[in-house]
Amino acid sequence: MRFDVFTTVHEQVDTSPKVSDEVKTTTCYMCACRCGIKVHIKDGRVRYIEGNRDHPVNKGVLCGKGSAGIMTQNSPARLRKPLKRVGERGQGEFVEIEWEEALLLATQWLSEVRWRDPRKLAFFTGRDQSQALTGFWAKEFGTPNYAAHGGFCSVNMAAAGLYSIGGSFWEFGEPDWDHTRYFVMFGVAEDHASNPIKIGLGKLKGRPADHGAKFLSINPVRTGYSAIADEWLGIRPGSDGLFVLALIHELLKADKIDVDYLVRYTNASWLVIRAPGTAQDGLFARNSEGQPLAWNKQANAPVTAYQADLDPGLIGEFTLPDGRHAVPAFQLMAERYLDPRYCPDAVAEETGIPADTTRRIAAELAHAAFEQEIRLDIPWTDWLGRHHDHVIGRPVSMHAMRGISAHSNGFHTCRSIHLLQMLLGSIDCPGGFRHKPPYPKPVPPAPLPAGHALEMNPGEALGGMPLGFPTGPENLLVDPDGTARRIDKAFSWEAPLAAHGLMHMVIANAWAGDPYPIDVLFLYMANMSWNSAMNSSGTMKMLSDKDPATGQYKIPHIIYSDAYASEMVSYADLVFPDTTYLERHDCISLLDRPISDADGCADAIRQPVIQPDRDVRPFQDVLIDLGARLGLKGFTTPEGEPRYPGFYADYIVNHERRPGIGPLAGWRGADGDKIGRGEVNPNQLEMYKANGCFWRHELEPNQRYYRFANADYLRWATQMGFIDRPEPIQMQIYSEVLQKFRLAAAGYGRMQPPDAHRERIATYFDPLPFWYRPLEQEAGNEAAFPLYAITQRPMAMYHSWGSQNAWLRQIHGHNKLFVNRRTGEALGLADEDWVWIVSAHGRVKAPIKLMEGVDERTVWTWNAIGKRKGAWDLSPKAPESEQGFLLNHVISELLPPKPDGHRYSNSDPVTGQAAWYDLKVRLEKCTPAESGRTEPQFPAAKPIPGAPKRPKRLRYGAAFRGRKEKV
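From a predicted model like this one, the values you see are computed outputs, not experimental measurements. (Residues numbered from 1 in each chain as written. Predicted model: local features only at pLDDT ≥ 70, side-chain atom pairs only at ≥ 80, totals over all residues. Heavy atoms only, no water.)

### Quick word on the overall build of the protein chain
No. 1: Scanning the protein chain from N- to C-terminus turns up 25 helices and 34 strands.
No. 2: Here the C-alpha atoms of the protein chain give a radius of gyration of 28 Å, agreeing with the 30 Å that 2.2 N^0.38 yields for 967 residues.
No. 3: Judged by the C-alpha coordinates and their principal axes, the protein chain covers about 100 × 90 × 75 Å.
No. 4: Counting the 967 residues in the protein chain, one finds 65% classified as buried.
No. 5: If you take every contact in the protein chain between residues at least 6 apart in sequence, the share linking residues at least 24 apart comes to 70%.
No. 6: In the form shown here, the protein chain has an accessible surface area of approximately 34,400 Å², with 50% of it arising from carbon and sulfur atoms. (Helix = DSSP H or I, 4+ residues; strand = E, 2+ residues; numbered from the N terminus. Rg over C-alpha atoms; globule rule 2.2 N^0.38 Å. Buried < 20%, exposed > 50% of the residue type's maximum accessible area, 1.4 Å probe, protein only. Contact = heavy atoms within 4.5 Å. Areas by Shrake-Rupley, 256 points an atom, 1.4 Å probe, with all protein chains shown as cover.)

Below is the structure:
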């Protein structure tokens, strides 16, 4: 046949090749965002992961971490079978055992503790997203020694919000991206809420010029989100609260505050008793029914503050009928913050922010809040029955996270930010910070922490949940002599409002036997020997240390569960291999860490999208199995049989925390036609799977704003079980809870701190937010350690998980110390020089990189990139080990000793939050002989028994294209 050059050749191109056999929806676990994903499966293996466009969290957006979940699923570091230690602890010498042997051994250890003294079990979980289950298990076991990741991440932020406004940043609320005109971000690294924040910032940047919004970033480091901010303020670490109080000073001085909002929705008008030297000083004046009083200017008399159309006095001293004197909380606030010590000129040196800049920012906030006021024609009814035909918006929104929280002054810094929001009237209104259901909660919320002596008996459940929110000294978990009842000293005089516990102190306290020794340390997803520990080098020694008198380990038994061979595995006596997030059921519950948004209530599940190819079990299943074997009441039937024979999937569907309220709120009731509260639905999980593995309920327009006082919302929240009664949630400018602790320190009340702690309580439990220098900085030598040192997490990593991932490692395979260019040059340093980073606690060695976008007195690095040799099944020559480093080695878990020798934890004195970012250092240039490899170095972790040979090249996907995988 002759070829005709004029004939059109029709080439067949398959523009949509079949890449998968099936697609399953589930929820990502590559960070804490919990985005919806679609997982493409081919030949039983993960082929591709994409975002679920229907999901309320990410709306289809997926970050690099989420897409790289394929390589986490196929990581060579995956554990493959239960392990039992056979060598010395820390040497990594194990034998594989069967599950039954592992469970019998764990049951033996745990049963002995439970029937002798349940406190001798410390059960702490790390990046656990099933805390509603793990906390319930601890309660049923009978130990108060339970906590999770929040104590060394965000408890300052959470507690400050929950004790101030009934909610907080991160999972509790979000900026109103659609209406805000001025967005302020404090201390947020780019891994936090990365997809929702990227979506929100995209909305701000994509607006027309006449409806634009300013994005102000306040952070010592300009990376990630800060890099696209309209203005960046490189503030000194730990001084954010002082800067915020200077803004408040300016707003009060200019009378640019929302007085009507303060009167209606906060306790600004409540009368505070002025009676120095008495047990009532600083408490609210109340009537016989316990209701707070305000001063009625018309009647010239005190009346209940809960009154419609009250026109209260906000300034002045008033005499109560019983002769006592009282002043409104507003006056106390104004007296404090109008003081010249908070003026912009007075704080400029400490914050590093010029006074004129502070004044300009305050004016810009006022302009956005009051000159750009929003009015939406949405009718609503307040809790007093008053009908309103519109809602008013103050379009200033704020967001904060770990950069604020991880300081020893972070609780009061976070409270200061919320106070600023209240003064502007920008909470839960159009354009402002908006709560996410199930928030707001009463201030403070229930429950109280359990663990008093009368709430604990061997072999019985604890009298309540281990974590909670004290309302006064009487709720602390201390013995009559003031000794802490928890191993981490949470809810003691050393950390009274430790709502998330002090995970960073568990090992140090257990090693020291302070306040008592423990028998079993049970950890889940908590890399406590490495990047989740202050003083990592010391922690490794504590974990392997023996009592010279007995020859036994100071922590007798360590049980650890993880999906991967992290640094912590080497220090376990018994290892439960977990599944990956793509191989199990999980529950993202409203009882736990919600994924709601401001306009709707939501929860979600994970489902197994592939089957494990190893002898592993979901940790949640293992925990439920152990609960049944131990005979825990919540996990066994009255006949002694397992209550949840189908394990976690069975528990998710059939467990009820209260009648009709279970882990999932969607498709409740026998037919799945109820939400929030309803009978058990045996098909509930299948309904979730059929609907993208999530459920969302859209709030009615009249329920979406002013939820702390919105009658329709409060009734709905009561029906859903979020709150107990449809009563208003009054935000707290002045905290009576904190004042009660101060009174105890002054010698009043049944519960008083030991003398050694009185001054500390009196100082830091101020009922109004205030600023003080971070404790380590205050106690340190400024001349010897002139630089602040902090860490941030990059968007491509999340804690230590990411740097085992072959794809993500190509982005961050090692880390450097970043130094301001002018600072580095003044020290004689250049790019790629090696330095010793020296603190009062120790020294690490690392290369440096000079940059512009960092405060001149601050150095920083990426967190959790550095790895111990051989851990995570990485090559001992991996750059993460040779060129990566951790600042953790030079951070002490304890502050310098007091004159009496006592050492407090390196934590916030109110909440116990780990003060990771208080570190001060100096830099010493290395000699040429010292350069080239980071220090400290440790012996390489041994390969896990049964692990396949480590591939020389980590890759995935060639098999799908018909080619042999190369190693």
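### Structural notes on the pattern of salt bridges
No. 1: Applying the stated criterion across every chain, the model contains 74 salt bridges.
No. 2: In this structure, Glu-727 and Arg-725 form a salt bridge, with 3.4 Å as the shortest nitrogen-oxygen distance.
No. 3: Residue class for Glu-727 comes out partly exposed when judged on its relative accessible area of 42%.
No. 4: Of the charged contacts in the structure, one is a salt bridge between Lys-845 and Glu-935, with a shortest N-O distance of 2.9 Å. Remark: Glu-935 occurs in the segment after strand E34 (920-925) and Lys-845 occurs in strand E32 (residues 843-851); sequence separation between them is 90 residues. (Salt bridge = Lys/Arg side-chain N within 4 Å of Asp/Glu carboxyl O.)

### What to know about the nonpolar core
Generally speaking, nonpolar side chains in soluble globular proteins are found buried as a group.
No. 1: Counting residues in each nonpolar core, the largest one holds 291 residues, and the members touching the most others are Trp-137, Leu-521, Phe-522, Phe-576 and Ile-837.
No. 2: In contact with Phe-522, other than residues within four places in its own chain, are Leu-121, Ala-122, Phe-123, Phe-124, Trp-137, Ile-559, Phe-576, Phe-619, Leu-623 and Leu-626. (Core = buried A, V, L, I, M, F, W, Y, C linked by side-chain atoms within 4.5 Å.)

### Focus: the sheet that holds strand E5 (residues 94-96)
No. 1: If you trace the seven strands from one edge of the open sheet to the other, you get E5-E4-E25-E24-E23-E6-E7, paired in mixed fashion. Of all strands in the sheet, those bounded by a partner on one side alone are E5 and strand E7 (146-147).
No. 2: Pairing of strand E4 (residues 83-85) with strand E25 (residues 574-577) involves two bridges; the strand directions are antiparallel. Residue Lys-84 lies in a different strand from E25, and its bridge partner there is Leu-574.
No. 3: Against the sheet, helix H3 (residues 99-116) engages E4, strand E6 (121-125), strand E23 (520-524), strand E24 (557-562) and E25, with an angle of about 125 degrees to E25. (Pairing = 2+ DSSP bridges. Axes fitted to C-alpha atoms, helices over the stretch in contact; angles between N-to-C directions.)

### A few points about helix H4 (residues 131-141)
No. 1: With ten of eleven residues buried, H4 lies mostly within the body of the structure.
No. 2: All of the buried residues along H4 are Ala-132, Leu-133, Thr-134, Gly-135, Phe-136, Trp-137, Ala-138, Lys-139, Glu-140 and Phe-141.

### Quick notes on the pairing of strand E13 (residues 293-296)
No. 1: The pairing of E13 with strand E14 (residues 301-304) spans four bridges and is antiparallel. Bridged to Leu-293 within E14 is Thr-304.

### Description of the side chain of Thr-26
No. 1: Along the polypeptide, Thr-26 turns up in strand E1 (residues 22-27).
No. 2: Non-local contacts of Thr-26, meaning those with residues more than four positions away in its chain, are made with Cys-35, Gly-36, Ile-37, Val-39, Leu-582, Ile-605, Arg-606, Gln-607, Val-609 and Cys-693.

### Some words on the environment of Gly-853
No. 1: Inspection of the secondary structure assignment puts Gly-853 in the loop between E32 and strand E33 (858-862).
No. 2: Judged by its relative accessible area of 13%, Gly-853 falls in the buried class.
No. 3: Sequence-distant contacts of Gly-853, defined by excluding residues within four places in its chain, comprise Pro-220, Val-221, Arg-222 and Trp-232.

### Things to note about the packing of helix H20 (residues 736-745) against helix H21 (residues 755-764)
No. 1: In contact at an axis separation of 8 Å, H20 and H21 are set at 150 degrees when each is read in the N-to-C sense. In terms of orientation, H20 lies roughly antiparallel with respect to H21. The element H20 and its partner H21 pack so that their crossing is left-handed. Side by side, H20 and H21 meet where Phe-741, Arg-742, Ala-744 and Ala-745 of the first sit next to Arg-758, Ile-761, Ala-762 and Thr-763 of the second. (Parallel < 35°, antiparallel > 145°, perpendicular 65-115°, else oblique. Left-handed = near helix turned anticlockwise from the far one by under 90°.)

### Digging into unusual backbone geometry
No. 1: The residue after Asp-514, namely Pro-515, is reached through a cis peptide bond having omega 10 degrees.
No. 2: You can see Pro-515 is positioned in the loop between helix H14 (506-512) and E23.
No. 3: With an omega of 5 degrees, the peptide bond between Glu-935 and Pro-936 qualifies as cis.
No. 4: Looking at the element boundaries, Pro-936 is found in the segment after E34.
No. 5: Positive phi values are uncommon outside glycine, yet Lys-489 reaches one of about 70 degrees.

### Remarks on the side chain of Ser-130
No. 1: With respect to the helices and strands, Ser-130 occurs in the loop between E6 and H4.
No. 2: Residue classification places Ser-130 among the buried residues on the basis of a relative accessible area of 2%.
No. 3: Separated by 3.3 Å, the side chains of Ser-130 and Gln-620 make a polar contact. (Polar contact = N/O pair within 3.5 Å; in protein donor to acceptor, adjacent residues only side chain to side chain.)

### With respect to the packing of aromatic side chains
No. 1: With the rule as written, the count across this model stands at 44 aromatic pairs.
No. 2: Ring centres of Phe-123 and Phe-522 lie 4.9 Å apart, and the angle between their planes is 35 degrees; this geometry places the pair in the tilted category. Here Phe-123, found in strand E6, pairs with Phe-522, found in strand E23; they are 399 residues apart in sequence, far enough to count as distant.
No. 3: By way of ring pairs, the aromatic residues Phe-123, Trp-137, Phe-141, Tyr-146, Phe-522, Tyr-524 and Phe-619 are connected into one cluster.
No. 4: The lysine or arginine in question, Arg-760, covers the ring of Tyr-904, its NZ or CZ lying 3.7 Å from the ring centre.
No. 5: Its guanidinium or amino end placed over the ring of Tyr-788, Lys-920 lies 4.5 Å from that ring's centre, counting from NZ or CZ. (Phe/Tyr/Trp six-rings, centres within 6.5 Å; stacked < 30°, edge-to-face > 60°. Lys NZ or Arg CZ within 6 Å of the ring centre and 35° of its normal.)

### Looking at the pairing of strand E31 (residues 834-838)
No. 1: Across the five residues of E31, five count as buried, placing the element largely inside the fold.
No. 2: The two faces of E31 match: Trp-834, Trp-836 and Val-838 on one face and Val-835 and Ile-837 on the other face are all buried.
No. 3: Here five bridges tie E31 to E32, and the two strands are oriented antiparallel to one another. Each residue of the ladder has a partner; that of Val-835, found in E32, is Ala-846.
No. 4: Hairpin connection between E31 and E32: a loop of four residues separates the two successive antiparallel strands.
No. 5: Sheet analysis places E31 next to E34, joined by four bridges and oriented antiparallel. Bridging from a neighbouring strand, Val-835 pairs with Lys-925 of E34.

### What to know about the sheet that holds strand E3 (residues 45-51)
No. 1: Spatially, E1-E2-E3 is the arrangement adopted by the three strands of the open sheet, whose pairing is antiparallel. Taken across any chain shown, the strands that pair with only one partner, and hence form the sheet edges, are E1 and E3. Sheet twist, expressed as the mean angle between neighbouring strand axes with direction ignored, is 30 degrees.
No. 2: Pairing of E1 with strand E2 (residues 36-42) involves six bridges; the strand directions are antiparallel. When the sheet's bridge partners are listed, Thr-27 is paired in E2 with Gly-36.

### A short note on helix H11 (residues 355-371)
No. 1: Helix length check: H11 (17 residues) gives 23 Å between terminal C-alpha atoms against 24 Å at 1.5 Å per residue, within 8%.
No. 2: For H11, every residue scored as buried is listed here: Ala-355, Thr-357, Thr-358, Ile-361, Ala-362, Leu-365, Ala-366, Ala-368, Ala-369 and Phe-370. (Expected span 1.5 Å × (residues − 1).)

### With respect to the packing of H11 against helix H13 (residues 410-424)
No. 1: Two elements in contact, H11 and H13, have axes separated by 10 Å at closest approach and are oriented at 40 degrees. Comparing the axis directions of H11 and H13 gives the class oblique. Here H11 contributes Leu-365, Ala-369 and Phe-370 to the contact with H13, which in turn contributes Leu-420, Leu-423 and Leu-424.
No. 2: Within the contact of H11 with H13, the residues separate by chemical class into six nonpolar, no polar and no charged. (Nonpolar A, V, L, I, M, F, W, Y, C, P; charged D, E, K, R; others polar.)

### Re the state of the cysteines
No. 1: Enumeration according to the criterion identifies zero disulfides in this entry.
No. 2: Free of any disulfide, Cys-153 has its nearest neighbouring cysteine sulfur in Cys-414, separated by 11 Å. (Disulfide = S-S within 2.5 Å.)

### A short note on the environment of Gly-238
No. 1: You can see Gly-238 is positioned in the loop between strand E11 (231-233) and helix H7 (240-253).
No. 2: Placed 692 residues apart in sequence, Gly-238 and Glu-930 show a C-alpha to C-alpha distance of 33 Å.

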